[in-house]
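What follows is each chain in one-letter form.
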Amino acid sequence: QVQLVESGGGLVQAGGSLRLSCVASGRTLYRMGWFRQAPGLERLFVAAVTWNGGTTYAESVKGRFTISRDNAKNIVYLQMNTLKPEDTAVYYCAGSTRVTSATRDSQYDYWGQGTQVTVSS
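In short, a report on the structure. A quick note: this is a predicted structure, and the numbers were derived from the prediction, not measured.

**Quick word on the pattern of salt bridges**
Inference 1: What the rule picks out here adds up to five salt bridges.
Inference 2: Between Arg-43 and Asp-105 there is a salt bridge, with the nearest N and O atoms lying 3.5 Å from each other. Here Arg-43 is found in the loop between β4 (31–37) and β5 (44–50), whereas its partner Asp-105 is found in the loop between β9 (89–96) and β10 (110–111), with 62 residues between them in sequence.
Inference 3: Of the charged contacts, one joins Arg-98 and Asp-109 as a salt bridge, the two residues approaching to 2.8 Å between their closest N and O atoms. With Arg-98 in the loop between β9 and β10 and Asp-109 in the loop between β9 and β10, the pair connects residues that are eleven residues apart, well separated along the chain.

Next comes the structure, spelled out in structure tokens:
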């Protein structure tokens, strides 16, 4: 059984930074990703990283967010810089065993419980 546990969310002012972490237990997953969901809106793809370090980003976060993973520790990170109020959302860690689309949430098998990120203006 795979479990994903996120941490690192919080309240930050616009222009600030946060780093989210997600620890995966149970097995090593091919792809790890981050999604986010703002109140009343659908869950959206943010970033993903494969086992060998290949990354994919949503256009809205390119140049500001960096995803990375430590395979030895089974941890994935999301470094978020130059945060904007529109980045406010619950951020979910996700894991996939499939070599398919990185951006579709239906392609992920495992999900964390989410961590709140709030960016004040």
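**Focus: the sheet that holds strand β3 (residues 18–25)**
Inference 1: Ordered in space as β1-β3-β8-β7, the four strands form an open sheet in which the pairing is antiparallel. For this open sheet the edge positions go to β1 (3–7) and β7 (65–70), each flanked by a neighbour on one side alone. Ignoring which end each strand starts from, the neighbouring axes of this sheet average 15° apart.
Inference 2: Summarising the sheet, β1 and β3 pair through five bridges and their orientation is antiparallel.

**Considerations on the side chain of Asn-74**
Inference 1: Inspection of the secondary structure puts Asn-74 in the loop between β7 and β8 (75–80).
Inference 2: Here Asn-74 falls in the buried class, since its relative accessible area comes to 16%.

**Examining the environment of Asp-105**
Inference 1: Given a relative accessible area of 28%, Asp-105 falls into the partly exposed group.
Inference 2: Taking C-alpha positions, Asp-105 is 8.3 Å from Ala-94, a pair spaced eleven residues apart along the chain.
Inference 3: Setting aside residues no more than four positions away along its own chain, Asp-105 makes contact with Phe-35, Arg-43 and Trp-111.
Inference 4: A polar atom in the side chain of Asp-105 sits 3.5 Å from the side chain of Arg-43.

The rules behind the values
- Residues numbered from 1 in each chain as written.
- Predicted model: local features only at pLDDT ≥ 70, side-chain atom pairs only at ≥ 80, totals over all residues.
- Heavy atoms only, no water.
- Salt bridge = Lys/Arg side-chain N within 4 Å of Asp/Glu carboxyl O.
- Helix = DSSP H or I, 4+ residues; strand = E, 2+ residues; numbered from the N terminus.
- Pairing = 2+ DSSP bridges.
- Axes fitted to C-alpha atoms, helices over the stretch in contact; angles between N-to-C directions.
- Buried < 20%, exposed > 50% of the residue type's maximum accessible area, 1.4 Å probe, protein only.
- Contact = heavy atoms within 4.5 Å.
- Polar contact = N/O pair within 3.5 Å; in protein donor to acceptor, adjacent residues only side chain to side chain.

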